[in-house]
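# Overview (structure and organization)
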Amino acid sequence: RDIIASGAAHSHLGVPGEEALAGRGVSYCATCDGAFYRGKTTVVVGGGDVAVEDAIFLARGCEKVYVVHRRDELRAVKTLQTALFALPNVEMVWDSNLKSINEGSPESGNKGKVSSVTAVNKNDGSERVIDTDGVFIAVGITPRSGFVRTGIKTNAGGYIVAGEDCETSIPGVFAAGDVRAKQLRQVVTAVADGANAVTSVQRYLLEND
């Protein structure tokens, strides 16, 4: 019997400085790393539900939060947008893409860490350097499910459809962790899936011996 636990990968921007400064100011999880930026300035990149939720979460503890989005309106649900726009320490940077994530100089004491980002307005080409302590990238997550065999049901996003018992559309095949279609993707939910999947496999083997 099989357990698929291949996870999912955060989508990257592919801009200079992103990979080099990962874990040193570049993050893909506000709930995981946001506490390190209390009282500091952060930048959130994205315009969907996750990006807006991240910005709201960070704004509770950060002095300033910039939200950089490539369009002139957000894709997030209206309730989240309303909550975001009501926050006094959030500034929107519309119609813009990140050109680079910049490392601090030795003189600044931020060598090896994020010190700023360069955003480019896609309408007029103007550039803006935003000083920041951290960058949270929330432009999507891609499940690692491309290898799954025919017959295993996936949703429109490519996540494997499985219930709380983790059993997929093929009896005896189970999916656990971030590759499974569900509302929340965190370490705690992945660990819970693992426990459920193992229990389900044991039950399946006992019932099908």
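Look a little higher up for the structure.
Now for a look at the structure at hand. A quick note: this is a predicted structure, and the numbers were derived from the prediction, not measured. (Residues numbered from 1 in each chain as written. Predicted model: local features only at pLDDT ≥ 70, side-chain atom pairs only at ≥ 80, totals over all residues. Heavy atoms only, no water.)

### Regarding the layout of surface pockets
By rolling a water-sized probe across the atoms, one finds the places where empty space is left. Estimated volume of the largest pocket: approximately 880 Å³. If you trace the largest pocket, you find 29 residues lining it, with Val50, Glu53, Ile141, Leu184 and Arg185 closest to the centre. If you list the elements that add at least two residues to the lining of the largest pocket, you get strand S2 (8–10), helix H1 (30–33) and helix H2 (49–59). Residue contributions to the lining of the largest pocket peak at 6 residues, all from H2. Taken together, the residues that form the lining of the largest pocket break down as 16 nonpolar, 6 polar and 7 charged. (1 Å grid on protein atoms, 1.4 Å probe; cavity = no way out; pocket = protein on both sides within 12 Å on 5 of 7 lines; lining within 4 Å. Points joined across faces, edges and corners; volume = space filled by probe spheres on them. Helix = DSSP H or I, 4+ residues; strand = E, 2+ residues; numbered from the N terminus. Nonpolar A, V, L, I, M, F, W, Y, C, P; charged D, E, K, R; others polar.)

### Things to note about the state of the cysteines
Here the structure, examined in full by the defined rule, presents 1 disulfide. Between cysteine 29 and cysteine 32 runs a disulfide, and the two sulfur atoms are separated by 2.2 Å. On the sign convention where negative means left-handed, the S-S torsion of about 65° between cysteine 29 and cysteine 32 marks this disulfide as right-handed. For cysteine 29, a relative accessible area of 18% translates into the label buried. Considering cysteine sulfurs only, cysteine 29 is the nearest to cysteine 62, which forms no disulfide, with 14 Å between them. Of the residues examined, cysteine 62 reaches a relative accessible area of 6% and is grouped as buried. (Disulfide = S-S within 2.5 Å. Buried < 20%, exposed > 50% of the residue type's maximum accessible area, 1.4 Å probe, protein only.)

### Here's the deal with the sheet that holds strand S8 (residues 114–121)
Taking strand neighbours across the sheet as the criterion, the 3 strands line up as S7-S8-S9 in an open arrangement whose pairing is antiparallel. Each edge of the open sheet carries a strand with a single partner, namely strand S7 (96–103) and strand S9 (127–131). For this sheet, the mean inter-axis angle between neighbouring strands, taken without regard to orientation, is 25°. Bridge count for S7 against S8 is 7 bridges, and the pairing is antiparallel. The residue bridging asparagine 97 from the neighbouring strand is valine 120, located in S8. (Pairing = 2+ DSSP bridges. Axes fitted to C-alpha atoms, helices over the stretch in contact; angles between N-to-C directions.)

### Describing unusual backbone geometry
With a phi close to 50°, aspartate 95 is a non-glycine residue in the positive phi region. As for its placement among the helices and strands, aspartate 95 is situated in the loop between strand S6 (90–93) and S7. The backbone phi angle of cysteine 166 is positive, close to 70°, even though this residue is not glycine. Considering the arrangement of structural elements, one finds cysteine 166 in the loop between strand S11 (141–143) and strand S12 (173–175). Its relative accessible area of 0% is what places cysteine 166 among the buried residues.

### Focus: the nonpolar core
Grouped together as the largest cluster of nonpolar side chains are 20 residues, with contacts concentrated most on Val44, Val52, Leu58, Val65, Val67, Leu84 and Val90. Contributing elements (two or more residues each) for this core: H2, strand S5 (64–68), helix H3 (78–85) and S6. Top contributing element to this core by residue count: H2, with 6 residues. Apart from residues no more than four positions distant in its own chain, valine 90 is found in contact with Ala59, Val65, Val67 and Leu84. Of all hydrophobic cores here, the second largest spans 17 residues; its members include Leu21, Val45, Val93 and Ile137. (Core = buried A, V, L, I, M, F, W, Y, C linked by side-chain atoms within 4.5 Å. Contact = heavy atoms within 4.5 Å.)

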